[in-house]
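What follows is the residue order along each chain.
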Amino acid sequence: PLRSVALLVYSASAHSVMPFTEDIKLITGLLEFMQPELMPASGSNSSAALALAGKLLQQVEAKKADILLVTDSANNNTAAIASQLAKKHYKLSVLHLSHFSDTSPVTQEQTTTNEGMILSQNKSTLKAVAHAGQGNYQPATRNDQDIHHLISGFGSGKSRKTQNVNKPTQVWKDHGPLLLLLL
């Protein structure tokens, strides 16, 4: 059976780009045009995004849902909101975006994965957010195996172990707004 998906974006505030739909091609097409310049202000207010996600899920009277937070960081209230969502059977998983060390030096506050990805200190924070949301944490990889790994657990209610995969992909450049997908 098809599952409904909604697309939210956030920076300093959260915004609904597409209400719930079963048209995955429509969502995919929109993702291609998401640019930081579309946002009214810069920032990374993940708690506002999760609060909006919870509100939209309640409006459609969802009994349970899987939420995918695609981010490089979380603010202070994010884990608390993730916990509140989990109590409503809205499971939150986190895809940790970062950047690759091809041209950037690694600082003391960062660690490098076996495939050259630089993860900030936010790794433990984002793992805690996923845990509070009763979901999974996955660092971004150089291919789409990270997404496939996360969504393979959607609808099952089971947590999955983090995987690292070594293959080429585009380098993530942080420009502000990040995505939140509701599945």
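Residues numbered from 1 in each chain as written. Predicted model: local features only at pLDDT ≥ 70, side-chain atom pairs only at ≥ 80, totals over all residues. Heavy atoms only, no water.

The next point concerns the nonpolar core. Core analysis: the biggest nonpolar cluster contains 23 residues, and L50, I67, L85, Y90, L92, V94 and V129 have the highest contact counts within it. Those elements that provide at least two residues to this core are β1 (5–10), α2 (46–59), β3 (65–71), α3 (78–87), β4 (90–96) and α4 (122–132). It is α2 that contributes the most residues to this core, six residues altogether. With sequence-adjacent residues up to four places away left out, L85 is seen in contact with L50, G54, I67 and Y90. Ranked by size, the runner-up nonpolar core spans seven residues in total, among them L95, L97, A140 and F154. (Core = buried A, V, L, I, M, F, W, Y, C linked by side-chain atoms within 4.5 Å. Buried < 20%, exposed > 50% of the residue type's maximum accessible area, 1.4 Å probe, protein only. Helix = DSSP H or I, 4+ residues; strand = E, 2+ residues; numbered from the N terminus. Contact = heavy atoms within 4.5 Å.)

Another aspect to go through is the confidence of the model for the protein chain. Caution applies to low-pLDDT regions: their predicted coordinates should not be interpreted in detail. Looking at the protein chain, pLDDT values average 77 and 72% of them are 70 or higher. α3 holds the highest mean pLDDT among the elements of the protein chain, 96, whereas strand β7 (residues 117–119) holds the lowest, 47. Across residues 103–119, confidence stays below pLDDT 50; counting only partners more than four residues off in sequence or on other chains, it has 46 contacts. Counting contacts from residues 159–178, a segment whose pLDDT is below 50, to residues more than four positions away or on other chains yields 57 contacts. (pLDDT = per-residue confidence, 0-100.)

This brings us to the environment of M39. As for its position among the elements, M39 is in the loop between α1 (24–31) and α2. Sequence-wise, M39 and S13 are 26 residues apart; in three dimensions their C-alpha atoms are separated by 8.7 Å.

Positive phi, close to 55°, is recorded for E61, a residue that is not glycine. By relative accessible area, which is 61% here, E61 ends up exposed. Of note, the phi angle at Q134 is positive, near 55°, even though the residue is not glycine. Of note, Q134 is situated in strand β8 (residues 134–139).

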